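Spelled out from the first residue to the last, the chains are:
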Amino acid sequence: MKKISGPSYIGMAMLALSVMLSSCNKGFDKMIPDSPENTNDVNYKAPKVLYIIADGARGTAVRDADIPNMKSLLANSIYTWTSLADTIKNSATNWADMMTGVRKDKHDVTSDDFAGNDLANYPVIFKRIKEVNKNMRIAAFATSAEFKNNLTTDADVSEVYANDDQLKTNMVNFLKADTASIVVGQFSGIENAGRAAGVWDNSAPGYKTAIADFDTRVGELITAVKTRPTYNKENWMIIITSSHGGKYKLPPSEDDKTLFSNTYANTFTIFNALSYKQTFVGKPFLGNFYTGSAVRFKGDPEKVNGVVSADKSVQFNFGKDQDFTVSIKIKKGSPKNTSSGQYWYQWPSVVGKRTNVGWGGSNAPGNPGWDICLFYNRWRLMQQGGQDNINGQEIPGLDFSGDTWHDLCFVIEKKADGRRYARLYTDGVKGTTGSGSGDNNNISKNDWQLPGIPNFDNNAPMRVGFAPGEIDGDKGYINVQLAELRIWKKALSEDVIQRYACEPSIDETHPDWNYLLGYWPMTEGSGNVMKDLGPFEADFTLQGTYQWETFSDLICSPSNNNLNTLVPKNSDVPTQILSWFNIARQASWGLDGRVWISN
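Quantities reported herein were computed from a predicted structural model and do not represent experimental measurements. Within every chain, residues take consecutive numbers counted from 1 along the sequence as written. Local features in a predicted model are, by the rule used here, given only for residues with pLDDT of at least 70; side-chain atom pairs are given and counted only at 80 or more, and totals for whole chains, interfaces and linings are based on all residues. Side-chain calculation: all heavy atoms of the structure are included, whereas hydrogens and water are not.

(A) Quick peek at the overall build of the protein chain. Numbered from the N terminus, helices here are DSSP runs of H or I no shorter than four residues, and strands are runs of E no shorter than two. In terms of regular secondary structure, the protein chain is built from 14 helices and 27 strands. Three labels apply to residues, based on accessible area from a 1.4 Å probe with only protein chains included: buried if under 20% of the type maximum, exposed if over 50%, partly exposed otherwise in between. Out of the 599 residues belonging to the protein chain, those deemed buried represent 58%. For the protein chain, the share of sequence-separated contacts (at least 6 apart) that also reach a separation of at least 24 residues comes to 73%. Contact definition: two residues touch when any of their heavy atoms are within 4.5 Å.

Below you can see the structure in the form of structure tokens.
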């Protein structure tokens, strides 16, 4: 095989990323407020929390606005202008994150009417706190009846007001004298201004003014805290954050195609306490750029795919004994239906060797073969065929983000015990998320033992792009670019997979070059043929209504799950509050948040 020069690639993304991800595991120690020492002349200061929520305050817009009161806190704050909300565009989901400490896959708040929620099993942290200290006084003030009715039931004081001014006035009066340990305020003025302007940005005078007005109210609340007659005996943490951002078109130079470019998810967070040193949490390094041209594969009605002729497709059958490895680069766009998330898919295949996606029934030979399918925000390997494997299995891989490039790889290997096993890698990281729908909080690094004696041989063509079957309406409509499909007649080692996962091309220097059976760069940029540079020259012929598109995007940027550990997110706030009160989190609570500590 000849040496191929692929699309350009800048830098050492994986090295930097691995350093970043290893560092993000630090900082989970408990934040404990000042406690009494073993002397009689030191007075213990009672921990208190003022928790201020600003709906619709887009983080970078707040950063660039006139906010002297909030900025006056930064010298003693852990803060960021790029914290993250959920991508679902409703307030209730984010409020639930902010009040329960778990995310929507647990609390099940996915609509503004709170229908079908599971707050009974994942309650607001007020209930957790009361279980530990029933005498702790808690107060909540809101401008939303939905917030009050659904998320403040365990508060001692729960009130709703018509607007931010009324809310602020009553909170100020309350803070001046009441003994409550936690005081929460939910403000909606900034969100209302964004809706009125149709854009959540300072370029809209009303939105800019709303941020400034909110900052003025924050100043009054801070003054009310600091002028309390008991202030010198109290240890206050002041939390100011937004529930979500809003609509705004980023300049192209700022659009990195990651979750950080989702302006609805862009929030700000300030954790302020006198004991904190100034700690700025910036936007993390997200990888480097990958450039080239690739086909946009779409589902029905375009039905864009590429197929290999029958006589050459047979070369990619591996029987019941042969080890093999498949990897492909993918960039997800949005499906037609984004109600569950911007890059949330249900079931469509993007590459495989199988008659159709889905399960073929209980009678042999069933529907033997394999597919890489998009699965929620993750992917899955669907494999089926052979003795005691007629119905097959779906093996869920890890999350990966949309509109940036990622590497998906699976290995089928027969081991000394005579059984075949699967290994899945996402951007070179090994892991599966359990059976069925999977669980991002229960990632397994173990090899996956396949049932029976798998044999994936079939007469189906080798295919990329659209395939019929297992398509769940508009959520199954593929909208992806694909590149660098590679098939080896060998089970590649974990070390090799990790080293080469985010390389945009390979050549004879790859340690397993001689085992490469098929190699399709898929970056020709024009025409209806995607060349196979492997020994069988098994070219793909394009079908359907297709087009080539140039790209210059990040490669192997962290998944949304990982991004949520690199900057504060909504579900972190309850965990921060529990830690401030020295309340140990219980495993049974299933909290998704982390604690942030200052430098």
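(B) Quick peek at the packing of aromatic side chains. Any pair of Phe, Tyr and Trp rings, taking the six-membered ring for Trp, is counted once the centres come within 6.5 Å. Such a pair is stacked with planes under 30 degrees apart, edge-to-face with planes over 60 apart, and tilted for the rest. A full pass over the atoms with the stated rule returns 21 aromatic pairs. Among the aromatic residues, those joined into a cluster by ring pairs are Phe318, Phe324, Trp370, Phe410 and Phe456. A ring is scored as having a charge over it whenever the NZ atom of a lysine or the CZ atom of an arginine sits within 6 Å of its centre and within 35 degrees of its normal. Between Arg58 and the ring centre of Tyr248, over which it is positioned, the NZ or CZ distance is 4.0 Å. If you follow Arg594 out to its NZ or CZ, it ends over the ring of Trp596, 3.6 Å from the centre.

(C) Inspection of the packing of helix H9 (residues 189–197) against helix H10 (residues 205–226) at higher detail. Interhelical geometry of H9 versus H10 gives an angle of 175° and a closest axis separation of 8 Å. The angle between H9 and H10 places the two elements in the roughly antiparallel class. Contacts between H9 and H10 involve Gly189, Ile190, Ala193 and Gly194 on the former and, on the latter, Gly206, Tyr207, Ala210, Ile211 and Phe214. Orientation is described by lines fitted to C-alpha atoms, with helices fitted over the stretch in contact, and by angles between N-to-C directions that extend from 0 to 180 degrees. For classification, angles of less than 35 degrees are called roughly parallel, those exceeding 145 degrees roughly antiparallel, those between 65 and 115 degrees roughly perpendicular, and all remaining angles oblique.

(D) Up close: the packing of helix H8 (residues 164–177) against H10. Two elements in contact, H8 and H10, have axes whose closest approach is 8 Å; the angle formed by their N-to-C orientations is 10°. Overall, the two elements H8 and H10 adopt an arrangement that is roughly parallel. Counting all contacts with H8, which are made through Asp164, Asp165, Lys168, Met171, Val172, Leu175 and Lys176, the residues of H10 involved are Arg217, Glu220, Leu221, Ala224 and Val225. A breakdown of the residues in the contact of H8 with H10 according to their chemical character gives 6 nonpolar, no polar and 6 charged. Here the nonpolar group is Ala, Val, Leu, Ile, Met, Phe, Trp, Tyr, Cys and Pro; Asp, Glu, Lys and Arg are the charged ones; every other residue, Gly included, is treated as polar.

(E) Examining the state of the cysteines more closely. Note that a disulfide, as used here, is simply two cysteine sulfur atoms within 2.5 Å. Applying the stated rule across the entire model yields 1 disulfide. The disulfide partner of Cys502 is Cys556, and the gap between their sulfur atoms is 1.7 Å. Looking down the S-S bond of the Cys502 and Cys556 bridge, the torsion is -100°, so its handedness is left-handed. Highlighted residues: Cys502 in the loop between helix H12 (494–500) and strand E24 (516–520) and Cys556 in the loop between strand E27 (548–555) and helix H13 (560–566), separated in sequence by 54 residues. Overall, Cys502 belongs to the buried group, its relative accessible area being 2%.

(F) A look at the sheet that holds strand E16 (residues 393–396). Strands sit in the order E16-E14-E13-E12-E22-E10-E26-E25 across an open sheet of 8 strands; the sheet is antiparallel. The sheet is open, and its two borders are formed by E16 and strand E25 (529–530), each paired with just one other strand. With 4 bridges joining them, strand E14 (residues 378–384) and E16 adopt antiparallel strand pairing. Among the inter-strand pairings, Leu381 is bridged to a residue of E16, identified as Ile395. Note: two strands are recorded as paired if DSSP finds a minimum of 2 bridges between them.

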